[in-house]
Amino acid sequence: MQAFRKAVEANDHAAIEALLAEDVVFSSPVVFRPYPGKATTAAILRGVTRVFEDFRYVREINDAEGRDSALVFEARVGDRQITGCDFLHVDEDGLIDELMVMVRPLSGAQALAAAMGAQWDQITREAAGDA
């Protein structure tokens, strides 16, 4: 999804949030249960931008109908290089209703889990509107 990619690359959190459906579901690469809701997903994505360094998308794959996209990225978390993919699905209104992220290698996923864990209190406050 070109709009999401451009918003992420510009670090434009308002534009990213505007692309999320109210009932969006975020599936983390390091936590089993999905996180429902726009406020939580937006807060998680803000946390990710504080954790990732040297982030860049390197490939975009879209289905013919334009409802499913895969955005392959590279980034660094501390001293760990990671490769990952954002899998996006949009609803009938063109808003993202599913966002699933996968990363590799395992050591990178572990570094991401630790870094996001350190962000979790702030993410929770932001999702509740207490930032």
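As shown above, the structure is provided for reference.
Because the structure is predicted, anything quoted here is derived from the model rather than measured.

A. Inspection of unusual backbone geometry at higher detail. The linkage connecting R104 with the following residue, P105, adopts the cis geometry, with an omega of -5 degrees. As for its position among the elements, P105 is in the loop between strand 6 (96–104) and helix 4 (106–127). With phi around 55 degrees, N11 is a residue other than glycine that occupies positive phi space. Along the chain, the position of N11 falls in the loop between helix 1 (2–9) and helix 2 (13–18). What makes N11 partly exposed here is its relative accessible area of 43%. At D54, a position not held by glycine, the phi torsion is positive, near 55 degrees. In this structure, D54 sits in strand 3 (residues 53–62).

What counts and how
- What you see as residue numbers is a count from 1 along each chain, following the sequence as written.
- At least 70 in pLDDT is required for a residue's local features to be given in this predicted model, at least 80 for side-chain atom pairs to be given and counted, and no such filter applies to totals for whole chains, interfaces and linings, which use all residues.
- Where side-chain values are given, they derive from all heavy atoms of the structure, hydrogens and water being excluded.
- The numbering of helices and of strands both runs from the N terminus, where a helix is a DSSP run of H or I of at least 4 residues and a strand a run of E of at least 2.
- When accessible area is computed with a 1.4 Å probe and restricted to protein chains, residues below 20% of their type maximum are described as buried, those above 50% as exposed, and intermediate ones as partly exposed.

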